[in-house]
Amino acid sequence: MAVDYNSKPLLKVEGLKQYFPISRTFTVKAVEGVSFEIYPGETYGLVGESGSGKSTIGRSVIRLYDPTDGKIIFDGTDISKKLSRGDTKKLRTQMQMIFQDPMSSLNPRKKVEDIIGEGLDIHKNYKNQAERSEKIKAILKKVGLAPEHASRYPHQFSGGQRQRVGIARALIMNPKLIIADECISALDVSIQAQVVNLMKDIQEETGSAYLFIAHDLSMVKYISDRIGVLHLGHLLETGTTDEIFQNPIHPYTKSLLSAIPEPNPMVEKNRVAESYDYKTSGINYNLGVEHHVSGSHYVKCTDEEFEKWTK
Ligand SMILES: Nc1ncnc2c1ncn2[C@@H]1O[C@H](COP(=O)(O)OP(=O)(O)OP(=O)(O)O)[C@@H](O)[C@H]1O
Ligand SMILES: [Mg+2]
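- Taking an unreviewed UniProt entry as the reference, the chain is identified by name as Oligopeptide transport system ATP-binding protein belonging to Acetitomaculum ruminis DSM 5522.
- The chain has a UniProt comment under Sequence similarities (unreviewed entry) that states "Belongs to the ABC transporter superfamily."

### Quick notes on the overall build of the chain
- Across its full length, the chain holds 13 helices and twelve strands.
- For a compact globule of 311 residues, the expected C-alpha radius of gyration is about 19 Å, and the chain comes in at 20 Å, within 12% of that figure.
- The 311 residues of the chain split such that 47% are buried.
- With an accessible surface of roughly 15600 Å², the chain has 50% of that area assigned to carbon and sulfur atoms.
- Counting 40 positive and 39 negative side-chain charges, the chain places the averaged centre of each group 8 Å from the other.

### Brief notes about the sheet that holds strand β2 (residues 27-38)
- Strand order in this open sheet of four strands is β2-β1-β4-β5, and the pairing throughout is antiparallel. At either end of the open sheet lies a strand with only one pairing partner, and these are β2 and β5 (77-78).
- Bridge analysis of strand β1 (residues 11-21) against β2 gives nine bridges, and the strand direction is antiparallel. When the sheet's bridge partners are listed, Leu11 is paired in β2 with Ile38.
- Lying over the sheet, helix α1 (residues 54-61) contacts β1, β2 and β4 (69-74), oriented at roughly 115° with respect to β1.

### Some words on the environment of Ser105
- Following the sequence through the fold, Ser105 ends up in helix α3 (residues 102-105).
- Excluding its chain neighbours within four sequence positions, the residues that come into contact with Ser105 are Phe99 and Arg169.

### Points about unusual backbone geometry
- If you check the backbone angles, Arg63 has positive phi at about 65° while not being a glycine.
- As for its placement among the helices and strands, Arg63 is situated in the loop between α1 and β4.
- Non-glycine residue Asp75 carries a positive phi angle of around 50°.
- The exposure class assigned to Asp75 is partly exposed, which follows from its relative accessible area of 28%.

### Regarding helix α7 (residues 189-206)
- Taking 1.5 Å per residue as the helical rise, α7 with its 18 residues ought to reach 26 Å, and the 26 Å between its terminal C-alpha atoms agrees with that figure.
- Along α7, the positions that sit buried rather than exposed are Gln192, Val195, Val196, Leu198, Met199, Ile202 and Gln203. Each buried residue of α7 sits inside an arc of 155° when the element is viewed along its axis, so together they form one side. Turned more than 90 degrees away from the buried face of α7 sit Asp201, Glu204 and Glu205, all of them exposed.
- Once α7 finishes, Gly207 follows within two positions and takes phi at roughly 75°, a positive value.

### Thoughts on the confidence of the model for the chain
- Confidence in the prediction for the chain averages 88 pLDDT; 92% of positions are at 70 or higher.
- Mean pLDDT values over the elements of the chain span from 50, in strand β11 (residues 289-294), up to 97, in β4.

### As for the site of ligand 1
- Surrounding ligand 1, one finds 14 residues, the nearest of these being Ser50, Gly51, Lys54, Ser55 and Thr56.
- Within the backbone of Gly51, an N or O atom sits 2.8 Å from an oxygen atom of ligand 1.
- In the environment of ligand 1, an oxygen atom lies 2.5 Å from a nitrogen or oxygen atom belonging to the side chain of Thr56.
- Residue assignment for the shell around ligand 1 shows that the elements contributing at least two residues are β2 and α1.
- Considering every element that reaches the shell around ligand 1, the biggest residue donor is α1, with three residues.
- Taken together, the residues of the shell around ligand 1 break down into five nonpolar, six polar and three charged.

### Overview of the packing of aromatic side chains
- Counting across every chain of the model gives four aromatic pairs.
- Consider the rings of Phe36 and Tyr44, whose centres lie 4.9 Å apart with planes at 10°: the pair is stacked.

### Some points on the environment of Ile179
- Its location among the elements puts Ile179 in strand β7 (residues 177-181).
- The spatial distance from the C-alpha of Ile179 to the C-alpha of Ile213 is 7.7 Å, given a sequence separation of 34 residues.
- Sequence-distant contacts of Ile179, defined by excluding residues within four places in its chain, comprise Gly58, Val61, Ile62, Met95, Gln96, Met97, Ile98, Leu211 and Ile213.

### Structural notes on the packing of helix α4 (residues 112-123) against helix α5 (residues 129-142)
- The interhelical angle for the contact between α4 and α5, taken along N-to-C directions, is 115°, at an axis separation of 10 Å. Like other packed secondary-structure pairs, α4 and α5 cross with a definite hand, here right-handed. Contacts between α4 and α5 involve Val112, Glu113, Asp114, Ile116, Gly117, Leu120 and Asp121 on the former and, on the latter, Arg132, Lys135, Ile136, Ile139 and Leu140.
- The class makeup of the residues in the contact of α4 with α5 is six nonpolar, one polar and five charged.

### Some thoughts on the nonpolar core
- Counting 50 residues, the largest nonpolar core has Ile116, Ile167, Met199, Phe212 and Leu217 as its most contacted members.
- Discounting residues that sit within four places of it in the chain, Leu217 has contacts with Val47, Ile227, Ile244, Phe245, Thr253, Leu256, Leu257 and Ile260.
- In terms of nonpolar packing, the next biggest core, distinct from the first, is built from 27 residues, Ala30, Val34, Phe74 and Leu91 among them.

### Some thoughts on the UniProt feature "domain: ABC transporter" (unreviewed entry) in the chain
- The UniProt feature table records "domain: ABC transporter" (unreviewed entry) at residues 11-257.
- Taken end to end, residues 11-257 has its terminal C-alpha atoms 27 Å apart, with 39% of it in helix and 26% in strand.

What counts and how
- Residues numbered from 1 in each chain as written.
- Chains lettered and ligands numbered in written order.
- Predicted model: local features only at pLDDT ≥ 70, side-chain atom pairs only at ≥ 80, totals over all residues.
- Heavy atoms only, no water.
- UniProt positions renumbered as here; feature names shortened; annotations may be inferred.
- Helix = DSSP H or I, 4+ residues; strand = E, 2+ residues; numbered from the N terminus.
- Rg over C-alpha atoms; globule rule 2.2 N^0.38 Å.
- Buried < 20%, exposed > 50% of the residue type's maximum accessible area, 1.4 Å probe, protein only.
- Areas by Shrake-Rupley, 256 points an atom, 1.4 Å probe, with all protein chains shown as cover.
- Lys, Arg positive; Asp, Glu negative; His and termini not counted.
- Charge placed at Lys NZ, Arg CZ, Asp CG, Glu CD.
- Pairing = 2+ DSSP bridges.
- Contact = heavy atoms within 4.5 Å.
- Axes fitted to C-alpha atoms, helices over the stretch in contact; angles between N-to-C directions.
- Expected span 1.5 Å × (residues − 1).
- Arc of directions from axis to C-beta.
- pLDDT = per-residue confidence, 0-100.
- Near = heavy atom within 4 Å.
- Polar contact = N/O pair within 3.5 Å; in protein donor to acceptor, adjacent residues only side chain to side chain.
- Nonpolar A, V, L, I, M, F, W, Y, C, P; charged D, E, K, R; others polar.
- Phe/Tyr/Trp six-rings, centres within 6.5 Å; stacked < 30°, edge-to-face > 60°.
- Left-handed = near helix turned anticlockwise from the far one by under 90°.
- Core = buried A, V, L, I, M, F, W, Y, C linked by side-chain atoms within 4.5 Å.

Set out below in structure tokens:
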């Protein structure tokens, strides 16, 4: 499905800061002024190493945290401040999350039908039990599971199947935005491809947008329309998947790209992994301006750094 970039963004994150006070003198600045947009039906990939703030952004966006600063506009509603009841309902139905480890995020004592049906139950989204059961069966089918799976428990499934249950649980609310936090990282490589393809098919059908969080670029390549690269809470670079892969600007993005193994053994033999050390790079993340290179592709840097990187 082609994304219409002239339409109104579904999600607009502006200058998001998320700090965690640890003690009276120490605060973790997990997210430091991050801005990006996601358009209806679009997949935005968020990558960065462990601790760069990916999950925190996902959790702030779905309002598991109160943002320290910045704005989050979802479908025309500012959800960054105190939420009204109506806004909370909108948020809890139209935005859903899929987690990394389906074993720990699915209640082991509940049958799959009750796990998937929980959102329906909370929001009373059915007239009677028959309709509830129909909705659950339809969603199981959509994620490639069978109707008889409804009465089983999470431990009776494989990892890949459990992740399908997690996807079904998110999908049943017909969300406009799904936040998938490392949702394929724990799966076998062959199963990863299946789940990504399933998510793509579902997007084609439902038009929902994804915030797809992963720690490496190879995972987001096949699903993302645009990608944002995160490092130590800062969004360093964002652009279309092609721009990021063909024309990376920030040295950190280059180092992430150089870490992807090449399928061709001749090329792989000569692949040199570039390293990036922010301490010696001399780049001050707190200074700098946004450079529009082409379209939405920009990096935060000073003119001097920009000259240096683009040489
Ligand atoms: N609730 C919290 N309280 C205090 N510090 C936190 C909290 N949540 C996250 N952090 C810190 O914020 C930073 C970003 O964490 P986050 O989990 O967002 O990273 P991540 O990019 O998702 O990493 P990973 O790839 O390992 O999942 C880390 O330094 C982490 O220790
Ligand atoms: Mg994380």
